[in-house]
Amino acid sequence: MNRQTDILVIGGSGAGISAAISAAERGQSVLLVSKGRLGKNGNAIMAGGSFSIDGKSAKAFGYEQADERVTKDVVFDNLVKEGYFLNDQGIVQQFVEESPKVVYDLVRFGEKAGQKFAFLPPGKWFSVGRSWGAALKESIKAHPEIEILEDCNVTELVRSGDRVVGAVGYCVYTGERVRVQARAVVLATGGYQPFSLKNTVTDMTGDGLGMAFRAGASLADMEFMLCFPTALSPRAVRGSIYPYLFQVLMGKWGMPPVVRDGQWREIQLPQEVYELVRGSKMEKLTSCYYWGRAIFDGRGSEGGGVYFDYSGYPEKTRTEILERYIQYMSAWHRKGFYMGDDISGIYKKIREDGALEVGLGCEYSNGGILVDERMDTGVPGLFAAGEVTSGLFGAMRAGDGLVEMLVQGSRAGRSAAEYAKDCAPLPERCGRLFEDPLRRLPAGKRGGLSPIQGMRLMERIADYGFNFVRSGDQIRKSLEDLERFEREVVLELTITDPNPVYNLEILSWFSLKNLLLCLKMGLRAAERREESRGSHIRVDFPQVDHDKFLFRTVFRPQGEGFQMEAVRPRVVRFALPEGKDDTIISYLFNERYNYLRPKMR
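Residues numbered from 1 in each chain as written. Predicted model: local features only at pLDDT ≥ 70, side-chain atom pairs only at ≥ 80, totals over all residues. Heavy atoms only, no water.

Chemist: Explanation requested: the sheet that holds strand β5 (residues 124-126) in the structure shown.
Modeler: As summarised here, the arrangement of the three strands in space is β3-β5-β4, forming an open sheet in which the pairing is antiparallel. Of all the strands in the sheet, just β3 (50-52) and β4 (118-120) have a single pairing partner and so form its edges. Neighbour-to-neighbour, the strand axes of this sheet turn through a mean angle of 30 degrees, independent of strand direction. (Pairing = 2+ DSSP bridges. Helix = DSSP H or I, 4+ residues; strand = E, 2+ residues; numbered from the N terminus. Axes fitted to C-alpha atoms, helices over the stretch in contact; angles between N-to-C directions.)

Chemist: Is there a simple way to explain the sheet that holds strand β10 (residues 219-220) in this structure?
Modeler: Here five strands make up an open sheet; going across it, the order is β19-β17-β10-β21-β22 and the pairing mixed. Here the strands that pair on one side only, and so sit at the sheet edges, are β19 (389-390) and β22 (561-567). Of the strand pairs in this sheet, β10 and strand β21 (residues 552-558) are connected by two bridges, and their pairing is antiparallel. Of the residues in β21, the one forming a bridge with A220 is V554.

Chemist: Is there a simple way to explain the layout of surface pockets in this structure?
Modeler: Picture a little ball the size of a water molecule; that probe, rolled over the atoms, points out where space is still empty. Taken as a whole, the second largest pocket holds about 1,200 Å³ of empty space. Around the second largest pocket sit 33 residues that line it, and E156, R214, R440, K513 and E560 are the ones nearest its centre. At seven residues, the largest contribution of residues to the lining of the second largest pocket is made by helix α15 (residues 504-528). Of the residues that constitute the lining of the second largest pocket, the class distribution is 18 nonpolar, three polar and twelve charged. (1 Å grid on protein atoms, 1.4 Å probe; cavity = no way out; pocket = protein on both sides within 12 Å on 5 of 7 lines; lining within 4 Å. Points joined across faces, edges and corners; volume = space filled by probe spheres on them. Nonpolar A, V, L, I, M, F, W, Y, C, P; charged D, E, K, R; others polar.)

Chemist: Where do I start with the pattern of salt bridges in this structure?
Modeler: Opposite charge on two side chains makes pairing possible when the charged atoms of those side chains draw close. Taken as a whole, this structure holds 45 salt bridges when the rule is applied. With a shortest N-O distance of 2.7 Å, R524 and E483 are connected by a salt bridge. Pair noted here: R524 is in helix α15 and E483 is in helix α14 (residues 472-489), with a separation of 41 residues, a long-range link. A relative accessible area of 37% places E483 in the partly exposed class. With a shortest N-O distance of 2.9 Å, R556 and E565 are connected by a salt bridge. Assessed through its relative accessible area of 27%, R556 is described here as partly exposed. The network of salt bridges with common partners includes E223, R529, E531 and R533. (Salt bridge = Lys/Arg side-chain N within 4 Å of Asp/Glu carboxyl O. Buried < 20%, exposed > 50% of the residue type's maximum accessible area, 1.4 Å probe, protein only.)

Chemist: Help me out: how do you make sense of the environment of S127 in this one?
Modeler: Along the polypeptide, S127 turns up in the loop between β5 and α5 (129-141). Measuring from C-alpha to C-alpha, the distance between S127 and M329 comes to 9.4 Å, with 202 residues separating the pair along the chain.

Keep in mind these values describe shape, not function.
See below:
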């Protein structure tokens, strides 16, 4: 299959759809390629919470209950300080200025599609991923001129000189090769999750990051991974977000869980910490800090987590609040279900013995492609948007990842369209640069592991040294294991059946090489950062050290490998601080950051 288009957008979730619409509205022909079904793949469909804009903009859109004291300046303030000053402030400014209209438009499309969005002050909507998916599909219906190719695994970008001129891949269900020539390409493929316990979809394998890096783009902030409460048992719902929703909503209604370790001892957050972060996304960071340290120290549950204990509440109270929760969530899910999973047994478990086993699952990677506020990667013809990028959230994503994908996708589509309009035509005989994407598969080797097994081995390496709490010794051990894995295992991986038609081994092979690159960079950056900052928590270096480590770790292509550089964050409004804080928690209470302002959120 050969295609030629002005703009090729790779990724079928929020950032990709927003980019495609934005480019099409500027008169460019657009081909949107998705690894799965449009609106039903990517991280957006797994969302289970809220998204927000500044209250002043929400009030201007007609939401009278919005708190207009929460201005764009307050949102900017929140993002930079919650990101531990590691943000690119130019990208933060772009996010703050352009997000209100993009979010408002999507809410309108969602309501048109019959979805419910519950508005809450100061400028927040509560919904779920399915509603987002429906809204995204509704929004793209208004643009039938956009060509859509679903169930296509894009494997590599294609360059002519330094310029990106398209991509190659294959159709997952037919094996047909796909070659696309394009004047500009937008990557919107999501982040990377190298661990065995993931809180969202399981195929965030860094595909866009790997392709961009091999095309000449730089990556940054790869050490910062966000984890938060995730179901460990029963096995059928392992990885579900539902314990976090229980914690937040039932806590709001007067029934927060008592968190216990594997010996049934309470793990208590100091009251002042609880009061500071309650109701904000910084709860995710504090849970990693307190619960994660207990797990790291060997005090976790049998499954490597903690327990949410509701048994201290009277059974009548449990029943009443659970019923309230069930009724509330029934606005988006079939009663007794969550994301298609039957969790009625979980409700019964809470009523009868009150305990849930919960781990800290990976939700989001802050690291990604280095871009500017135009979503330009610095490689001619290549743009990126959403979780595949870095720079917006710094060291801790306390803001809205759902809004990030929309506003950056819209901007990337606009920038790509401007580039395509003015760039030189595609080179003559451009098609000769497009190799068969399946030509170099490791087929026919004997005795090697399947790429599927290889992925599981790599997850174990990440679990040991790169998880929610880290130490230098464990990071170095994981680096050694990863180097051995690359040297002894990867070169001997075997694809037993070369037929590409829905072949999980082939899918895993492409994912493995991208995830391996991302994990290697993440471990290298984590080893270098001898401090704690945001979601990078080092037990051997607990201080937040602005004097030595207030820099972004940037990886630039160099030959067959990479060069690692320390780059100061770009400043637009806030000067970078100096000095040290004893821990990532004491940073939150340092008055010089005026951190209490996020309470308005």
